[in-house]
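Analysis of the macromolecular model
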Amino acid sequence: MTPDAVVVGAGAGGLAAARTLGALGRRVLVLDRQRTPAAIAKGEILQPETVRILDSWGVADALRASGACPVGRLAIRDPAGAPLLCLDYADLPGAYRQILCADYGDLRGVLADGLPATVELRWGRRVTGVLRGADGRVTGVRVAGGGDDEEIRTPLVVAADGMSSPLRRAVGVAVDRREYPHGLVAFDVAGVEVADEVSAYRTGRGLCLVYPLPGERCRLYVQVTPGEFRGRGPGDLGPWCDRLLAEVPAIRPLGPAIRASLHRRQLLAVYRLRANRLAVPGLALVGEAAHAVHPMAAQGVNSSLGDAETLAATLAAEGDPADPAAVDRALRAFEAARRPRLDHVATVSHNASRMITSVSGLPRVLGARMMRRTAANPRLLGLTAGNLSGTDVRPLSRTDRLYQLGLLTDRHAHTPAPSAPTRSERR
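Each chain has its residues counted from 1, running along the sequence as written. Totals for whole chains, interfaces and linings use every residue, but because this is a predicted model, local features are given only for residues with pLDDT of at least 70 and side-chain atom pairs only at 80 or more, for both listing and counting. Heavy atoms from the whole structure form the basis of all side-chain values; hydrogens and water molecules are not counted.

In the nomenclature of an unreviewed UniProt entry, the protein chain corresponds to 2-polyprenyl-6-methoxyphenol hydroxylase from the organism Micromonospora mirobrigensis.

Following this line, the structure appears as structure tokens:
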């Protein structure tokens, strides 16, 4: 039987795409090259707009039942813990006013557990290339694994195969990929309780990020230079941890638990990535295959789930899943709907990361100034919270940037801007 869609990649974005397409009654085949899902520190901060999406798919309660931690505030603090800028999500418009901090594995689990009967998931299948029609349209994929190589024909291929995306390369979609001049080291810290907030400490070394996870755990991200861990043996990690705790006094209560987790660290390179197209005839790019941002603003997996929701909506609007022309019209609508939002997310994420991660020179001075001015301006605080949460997206204007820099005085600082229309109002 020819599937209506083949989704390549069973991360959160791929499973979400499969779930939403399956909910339309589409026959979906999901392929992943891994034999079992890998554990990785990513995608753990689910913004309020994403909680709304998960609720609409009927999986938010299952995620809460897995122990996901509700959080109502995102705060930037100095190394001692004094607040520099606090975003209180309780003031957001609408019904969704909390972040959920969840294990990425739990998120994948609740998405996979509720897959419609029309969706088939195959592990250990590596996609080696795309099939094309005489007109160049993507018409399927070549697959290795499971004992036999095969060709699978389908009207739609969804590339959710990650930042390096072989499918993206196969169809010739170019990307702008830039590595940040620092990395992050991630620790899964067990046996601790931390505040019910996402805490970003702005330190002399850059970012130190802490937030709660299920099971009396927390995630700790620490900014590091590219060579900071090169050549370090186990005996070097204790002194490194001592220096970290001296640099960030606010996390000293976590010291014993951090030391106990040093051997489980994950060292991560950090990239910005933007594909110059989100779709070509017969194929859509979803998640990190199309876009990646700095983890500081917690937008990565949230954007991936937004991709899946929009892709399903545009396909539903076009009807016949077997008609290539209808599929391609939907893909053009998907591109038109998602591109502005993803460009906005990229700008917000990059600006937020620069405020926290810059360690010297003019960028650090300007970052501190922008935080002070934003923290003192309730209107800008509301705009920032709406943009990060995804619930009230209104890009800051050039004039707003001048207010942040203190080059203009905002006479409306204490006058809330009107909220953007809700989804029901837009309809």
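As for the sheet that holds strand β10 (residues 138-144)
Counted only if it meets this: For two strands to count as paired, DSSP must find a minimum of two bridges between them. Numbering goes from the N terminus for both helices and strands, where a helix is a DSSP run of H or I of at least four residues and a strand is a run of E of at least two. Lines fitted to C-alpha atoms define the axes, with helix axes restricted to the stretch in contact, and inter-axis angles between N-to-C directions lie between 0 and 180 degrees.
The strand order β9-β10-β11 describes an open sheet built from three strands, whose pairing is antiparallel. The two strands at the open ends of the sheet, each matched to only one other strand, are β9 (126-132) and β11 (150-153). Across the sheet, the mean angle from the axis of one strand to that of its neighbour is 30°, orientation sign disregarded. Note that β10 and β11 share four bridges and pair antiparallel. From the neighbouring strand, Arg-142 faces β11, where its bridge partner is Glu-151.

Section: empty space enclosed by the protein
This is how the line gets drawn: The method works on a 1 Å grid over the protein atoms by themselves. A cavity is a set of points holding a 1.4 Å probe that cannot get out, a pocket is an open set with protein on both sides within 12 Å along at least five of seven lines, and residues with an atom within 4 Å of a point line them. Grid points are joined across faces, edges and corners, and a volume is the space filled by probe spheres set on the points. Three categories are distinguished: nonpolar for Ala, Val, Leu, Ile, Met, Phe, Trp, Tyr, Cys and Pro, charged for Asp, Glu, Lys and Arg, and polar for the others, with Gly belonging to the last.
Enumeration over the complete set of coordinates arrives at two cavities of 30 Å³ or more. Estimated volume of the largest cavity: approximately 100 Å³. As for the largest cavity, its lining consists of 14 residues, of which Leu-273, His-291, Ala-292, Leu-342 and Ala-346 are closest to the centre. If you list the elements that add at least two residues to the lining of the largest cavity, you get β17 (266-275), β20 (291-292), α8 (300-318) and α9 (324-357). No other element matches the five residues that α9 contributes to the lining of the largest cavity. Taken together, the residues of the lining of the largest cavity sort by class into eight nonpolar, three polar and three charged. Forming the boundary of the second largest cavity are Asp-4, Ala-5, Leu-21, Arg-26, Leu-156, Leu-315, Pro-321 and Val-327. Each residue belonging to the lining of the second largest cavity can be placed in one class, and the counts come to six nonpolar, no polar and two charged.

Notes on unusual backbone geometry
Basically, it comes down to this: Buried residues are those whose accessible area, probed at 1.4 Å on protein chains only, stays under 20% of the maximum for their type, while exposed residues exceed 50% and partly exposed ones sit between those limits.
With phi around 50°, Glu-216 is a residue other than glycine that occupies positive phi space. Among the structural elements, Glu-216 can be located in the loop between β15 (206-213) and β16 (217-224). Positive phi is not limited to glycine here, since Ala-298 has a value of about 55°. Within the fold, Ala-298 resides in the loop between β20 and α8. On the accessibility criterion, Ala-298 (10% relative accessible area) is buried.

Focus on the state of the cysteines
Using the following cut-off: The disulfide definition used here is simple: a pair of cysteine sulfur atoms within 2.5 Å.
Counted under the stated rule, the structure contains zero disulfides. Residue Cys-69 stays outside any disulfide, its sulfur separated by 6.3 Å from that of Cys-101, the closest cysteine. Given the relative accessible area of 15%, Cys-69 is considered buried. Here Cys-86 is not cross-linked by a disulfide; its sulfur's nearest cysteine counterpart is in Cys-101, at 16 Å. Taking the relative accessible area as the measure of exposure, Cys-86 reaches 28% and is therefore partly exposed.

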